[in-house]
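Below are the chains, spelled out letter by letter.
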Amino acid sequence: MTSVKKPPAACLIGWPAAHSRSPLIHHYWLRTLGIAGGYVIEAVPPDEFKDFVFRLSLRGFVGANVTLPHKEQALALSKPDARARAVGAANTLWYEGGELRSTNTDIEGFINNLDACAPGWDRAEDALVLGAGGASRAVVFGLIERGIKRVHLANRTLDRARALADQFGASVHPVAWDAVADVLPRAGLLVNTTSLGMHGQPALKIDLALLPPHAVVADLVYVPLETPLLAAARGRGLQVADGLGMLLHQAVRGFELWFGQRPQVTPELRALVEADLKKV
Ligand code: ATR
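Residues numbered from 1 in each chain as written. Predicted model: local features only at pLDDT ≥ 70, side-chain atom pairs only at ≥ 80, totals over all residues. Heavy atoms only, no water.

Draft legend 1. Representation of the pattern of salt bridges in the model. Overall, the coordinates contain 19 salt bridges when judged by the stated rule. Of the charged contacts, one joins Arg101 and Glu96 as a salt bridge, the two residues approaching to 3.3 Å between their closest N and O atoms. In this structure, Lys279 engages Asp276 in a salt bridge whose closest nitrogen and oxygen atoms are separated by 3.5 Å. Of this pair, Lys279 and Asp276 are both found in helix α11 (residues 267-279), three residues apart, which corresponds to roughly one turn of the helix. The exposure class assigned to Asp276 is buried, which follows from its relative accessible area of 12%. What emerges from the salt-bridge pattern is a single network uniting Glu125, Asp126, Lys149 and Arg150. (Salt bridge = Lys/Arg side-chain N within 4 Å of Asp/Glu carboxyl O. Helix = DSSP H or I, 4+ residues; strand = E, 2+ residues; numbered from the N terminus. Buried < 20%, exposed > 50% of the residue type's maximum accessible area, 1.4 Å probe, protein only.)

Here you go:
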């Protein structure tokens, strides 16, 4: 009897199974690279996550992306790398020598998108990061790893910024939310990791005229694609990096780990996902 080898498949594990652009991104790469493989969404409730992950390979998966609310559990159930440990959450699982490994690809997603959109951004000595949630941890870690001297971290709840500074060390400086304007004139990079500016959320009110002329502005929000913050930055002639770019760049590593080829973030892929975002 000849056995037919099934093509490798990965999945996105979440609960509820929210609408995600990940299948669109990975199917595009599988198609354009001519790889026989699959990527599906798996809705898994929190109390079934552990069992699902233990049987990931038995279910025929070579790995997975993990989204809310499972990212912390994914970290605990696998052997995380330094990035997943630093962020305290894993979003990508794969097998290495039979062992389930995990990482957090938001860090490289953020950094690689900046490199693509605003080369030279890392000449900034001072960066100002708004927000101190999970996304902010990835951004702050990436900036420190890249050697940015001072990361000013402003958050509505100052204690969360302080806690992050305690974890990441002396290059992170907590800033009270109402003191943001004092830091702007020094910030060569401004990053919004809060939900402000997202569709249905209040706007982020910041006077970009205070930023230096060479500043780069990044927003992690990608619905809408062009947030009021990015529109204002472009209006001032500043270089920008948007949230969709980060989303596309963070998907690269998982694909490479599961399917063995490093894919490219192309204008065609971006246009495909942009068109999908416009449907909502
Ligand atoms: P994520 O994991 O996506 O970063 P999160 O942990 O919920 O999400 O963090 C959301 C961030 O947006 C936080 O920094 C939050 O500030 P608080 O720590 O004070 O809650 C910030 N945020 C949300 N709504 C905000 C608002 N109206 N004004 C200022 N900051 C806001």
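Draft legend 2. Quick peek at the nonpolar core. By size, the foremost hydrophobic cluster in this structure holds 33 residues, and its most contacted members are Phe110, Trp121, Leu143 and Leu189. Of all the elements in the fold, those that place two or more residues in this core are α4 (82-87), α5 (106-117), β7 (126-130), α6 (134-145), β8 (150-155), α7 (158-168), β10 (189-192) and β11 (216-219). Here this core spans two domains, and each of domain 1 (9-105 + 251-277) and domain 2 (107-245) adds at least three residues to it. In this structure, Phe110 is in contact with Val139, Leu143, Val191, Ala218, Leu220 and Met246, ignoring residues within four places of it in sequence. (Core = buried A, V, L, I, M, F, W, Y, C linked by side-chain atoms within 4.5 Å. Domains from an automatic or database assignment. Contact = heavy atoms within 4.5 Å.)

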